[in-house]
Each structure stands twice: as C-alpha cells, then as structure tokens.
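# Residue-level structure breakdown
Read off the chains here:
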Amino acid sequence: MKKIPYYIVYALWYATSLLPLRVLYILSDVLFFIIFYILRYRRRTVWVNLVTSFPECEPEEFKSIERKFYHWFCDYLVESIKLMTISPEEMKRRVVFKGTDLVDECIENGQSCAVYLGHYGNWEWITSLPFWVSEKAQCGQIYHPLENADFDSLFLRIRQRFGAVCISMNETLRRLLVYQKACKPVVIGYIADQAPFWWSIHHWTQFLHHDTAVFTGSERIAKKLNHATFYLDVQRKGRGYYEAEFKLITRESQEVEDFKLTDKYFELLEESIKKQPECYLWTHDRWKRTRERFNRRFEIIDGKVHEKEKPSQRF
C-alpha cells in the first residue's frame with residue numbers, strides 16, 4: 001500500500017513524458033498562469049532576490065525578469081519531466097557541450113575533473129554529458145538523497161539514464177577514492193550554490209551584491225584529490241535548447257590558495273546570471289543566513305564550526 005503513491009507518480013510522469021516537447025510547452029504556458037497569477041508561488045522571495053541582486057535596475061526591468069523567470073521555470077519543470085523518455089539523439093541535439101577537448105585531455109592523462117555549475121539553465125539535462133566526453137571517464141553528479149526511498153530511486157533512475165552516476169553528498173569522498181584507487185578518471189559535477197547549514201559555513205564571498213555563505217566541500221575534495229577544476233557555463237539558446245561550455249579554472253587544484261576556487265566559481269556564475277538572469281533559480285531563499293547571525297551564534301576553532309556557549313542566566 002505504501003508504494004501506491006510511487007506507482008501513481010511514476011505512471012503519470014511516464015505518460016506525460018511521452019508527449020512531444022511542443023505539447024509540453026503548451027502545458028508549461030498553462031502552468032505559468034497558475035503558478036504566477038493564482039498560486040503566486042514564492043513571488044515575494046523572487047522579487048526580494050532580484051531587487052537586492054540588481055540594485056542598478058529599474059522597477060520595469062525587475063517585472064520583465066520576474067515574468068521571464070517564471071516562464072523559464074515552468075519550461076524547466078516540463079523539460080525535467082521529458083527527461084524520463086527523451087531519446088539520446090534528441091538530447092544531444094538540444095544540449096550541446098563545448099570545450100570538451102580540454103576535459104578529454106585531462107582524462108587521457110589520467111586526471112579526474114571537478115565541474116562547478118549552478119541552479120542555472122537546465123541542470124537536469126546536464127546528465128547527458130557522457131555522450132560528449134571520453135568513454136574512459138565515469139561521469140557523475142553529487143546529489144542530496146530524498147527522504148522517501150521509493151521516490152529517491154525514481155529520481156536516480158531518471159538522472160542516471162545516460163550513464164552518469166549520482167553520488168550522495170555524504171559518500172562523495174569515499175566513492176571518489178574508490179574510482180581513484182581503480183585508476184578510473186571521473187568527471188564529477190557539483191551544484192555548489194545552495195545555502196549551507198550553519199555548521200557547514202567556513203567561508204563567505206561576494207555574490208550578486210550579497211555577503212554570501214558558501215559551501216567549500218567541493219573545493220576541499222578537488223584539492224585533496226588534485227582534480228582539474230572547471231566551470232560549466234550554461235546558456236539557453238532557445239526554448240528547449242542549451243549550450244554548455246567548459247571553462248578551465250585550474251589543472252592543479254592543490255596549488256590554489258584556500259577558498260580561491262570557490263570565489264572564482266561564484267565570480268563565473270555571477271557572470272553567467274547577468275547574461276540571462278531569468279534562467280537562475282530565484283525561488284530559493286539563497287541569502288537567509290547572514291554573517292552577523294553566524295558571528296553571534298558560532299565560532300570557528302581549528303577549522304571546525306562550534307556553537308558559542310550561552311551565558312548562564314541569573315536568577
């Protein structure tokens with residue numbers, strides 16, 4: 001009985017994904033009307049994020065970006081549904097990767113690659129990367145498992161359709177060490193622009209006019225294993241068409257000063273967002289953690305975050 005919701009979702013998802021994208025985009029237009037005008041889904045969060053990220057813009061520009069964002073967001077939803085059954089041929093036509101010669105060069109030399117990307121463009125379709133790089137490498141992406149095991153299995157099945165593996169955040173280093181021991185180069189994608197938990201904050205950077213708490217785990221792993229580090233610049237070329245270009249940050253991650261890789265990633269991500277601001281995930285409350293609150297509650301001792309002792313109450 002517990003699996004009934006899973007089977008219902010699977011059947012609906014599968015049946016919907018069989019529809020041509022031109023039909024799914026009609027569904028996207030309907031979703032836009034519902035989400036934008038009726039549900040008003042997270043419109044306050046989106047508006048605050050836009051206003052604080054682009055203080056130089058006029059109100060009319062914000063309104064234009066906001067509407068374009070919700071149109072893109074609904075397209076992203078139906079494109080993700082299509083991922084379940086889209087053919088390899090159509091996927092290769094719709095997502096084109098550039099700069100893969102640099103990645104293949106690293107792979108030929110036996111070096112693995114860490115690839116930074118953000119919640120920008122259609123990150124779900126980036127799982128088609130195995131079609132574009134050397135078969136000598138194992139492509140993969142780091143993900144956060146869902147609490148429901150059945151639905152987690154469903155998402156894994158869809159995201160791994162084209163040969164890329166999903167690696168749980170908590171198992172990242174262990175799994176990559178297994179590949180390294182087997183002399184198997186890997187190309188691993190890190191979506192590293194989420195807001196970290198308080199206990200995971202070790203660094204702050206400037207991002208879209210915000211003092212921003214950032215994850216540094218991706219950098220630590222890349223430096224520990226000396227992976228070549230890339231940024232994947234994704235641009236939307238049309239409805240359902242994307243171009244993703246690999247930009248080399250460094251071949252020698254261990255030689256880079258601490259936090260410089262992370263700072264460079266956010267610098268490049270900001271450049272991408274400014275080109276097409278409507279393609280970033282503005283519904284996420286990215287700046288909910290502030291340095292002021294962090295400094296009041298926590299301190300970093302020997303590289304680890306500790307909660308400060310609360311002063312004893314007087315009675």
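First, a word on scope: everything that follows refers to the structure included in this document. (Residues numbered from 1 in each chain as written. Predicted model: local features only at pLDDT ≥ 70, side-chain atom pairs only at ≥ 80, totals over all residues. Heavy atoms only, no water.)

### Remarks on the nonpolar core
Heads up, the condition is: Remark: nonpolar core denotes a set of buried residues (Ala, Val, Leu, Ile, Met, Phe, Trp, Tyr, Cys) joined through side-chain atoms within 4.5 Å. Burial here depends on accessible area, computed with a 1.4 Å probe over protein chains only, as a share of the maximum for the residue type. Under 20% is buried, over 50% is exposed, and the range in between is partly exposed. Comment: elements are numbered from the N terminus, with helices defined as DSSP H or I runs of at least four residues and strands as E runs of at least two. Residue contacts are counted whenever heavy atoms from the two residues lie within 4.5 Å of one another.
Ranked by internal contacts, the top residues of the largest apolar core, which has 71 residues, are Val-187, Leu-232, Ile-273 and Trp-282. Counting residues per element, this core draws most heavily on helix H4 (residues 59–82), at nine residues. Residues in contact with Val-187, not counting those within four places in the same chain, are Val-103, Ile-107, Cys-113, Val-115, Leu-129, Ala-137, Gln-138, Cys-139 and Gly-140. Grouped together as the second largest cluster of nonpolar side chains are 12 residues, Tyr-179, Val-186, Ile-188 and Ala-222 included.

### Quick notes on the pattern of salt bridges
Stated precisely, the cut-off is as follows: Any carboxyl oxygen of Asp or Glu that lies within 4 Å of a side-chain nitrogen of Lys or Arg is treated as forming a salt bridge with it.
Going through the model one piece at a time under the given rule, you end up with 21 salt bridges. Between Glu-90 and Arg-94 there is a salt bridge, with the nearest N and O atoms lying 3.1 Å from each other. With a gap of four residues between them, Glu-90 and Arg-94 both fall in helix H5 (residues 88–94), about one helical turn apart. Overall, the relative accessible area of 9% leaves Arg-94 in the buried class. Put simply, Asp-211 and Arg-291 hold a salt bridge, and the shortest N to O gap is 2.7 Å. One end of the pair, Asp-211, is in strand S7 (residues 210–214); the other, Arg-291, is in helix H11 (residues 291–297), and 80 residues separate them in sequence. Here Asp-211 falls in the partly exposed class, since its relative accessible area comes to 32%. On the basis of relative accessible area, Arg-291 is assigned to the partly exposed category, the value being 34%. It is possible to trace a salt-bridge network through shared partners that takes in Asp-29, Asp-75, Arg-236 and Arg-239.

### Here's the deal with the packing of helix H1 (residues 4–17) against H4
To keep it simple, the criterion reads: Each axis is a line fitted through C-alpha atoms, and for a helix only the stretch in contact is used; angles between axes span 0 to 180 degrees, taken between their N-to-C directions. For classification purposes, an angle smaller than 35 degrees is called roughly parallel, one larger than 145 roughly antiparallel, one from 65 to 115 roughly perpendicular, and anything else oblique. Polarity classes work like this: nonpolar for Ala, Val, Leu, Ile, Met, Phe, Trp, Tyr, Cys and Pro, charged for Asp, Glu, Lys and Arg, and polar for all others, with Gly in that last group.
The geometry of H1 relative to H4 is characterised by a closest axis approach of 8 Å and an angle of 100° between their N-to-C directions. The pairing of H1 with H4 is recorded here as roughly perpendicular in orientation. In this structure, H1 contributes Trp-13, Thr-16 and Ser-17 to the contact, and H4 contributes Ser-80, Ile-81 and Lys-82. Residue composition of the contact of H1 with H4, by class: two nonpolar, three polar and one charged.

### Remarks on the side chain of Arg-286
Short version of the rule: Pairs of N or O atoms are called polar contacts if they sit within 3.5 Å, as long as, within protein, a hydrogen donor faces a hydrogen acceptor (for residues adjacent in sequence, only side-chain-to-side-chain pairs).
If you trace the backbone, Arg-286 turns up in the loop between helix H10 (260–275) and H11. At 3.2 Å, the side chain of Arg-286 and the backbone oxygen of Gln-194 are in polar contact. Residues within four places of Arg-286 in sequence aside, it is in contact with Asp-193, Gln-194, Ala-195, Pro-196, Thr-212, Ala-213, Val-214 and Phe-266.

### Here's the deal with the pairing of strand S2 (residues 113–117)
To keep it simple, the criterion reads: Whether two strands pair comes down to DSSP finding at least two bridges between them.
Along S2, five of the five residues are buried, which leaves the element largely enclosed by surrounding structure. As defined by bridge partners, S2 adjoins strand S5 (residues 186–191) across five bridges and the pair is classed as parallel. Pairing of Leu-117 across the sheet is with Ile-191, part of S5. When S2 meets strand S8 (residues 228–238), the two strands line up parallel, connected through four bridges. Paired with Ala-114 across the bridge in S8 is Thr-229.

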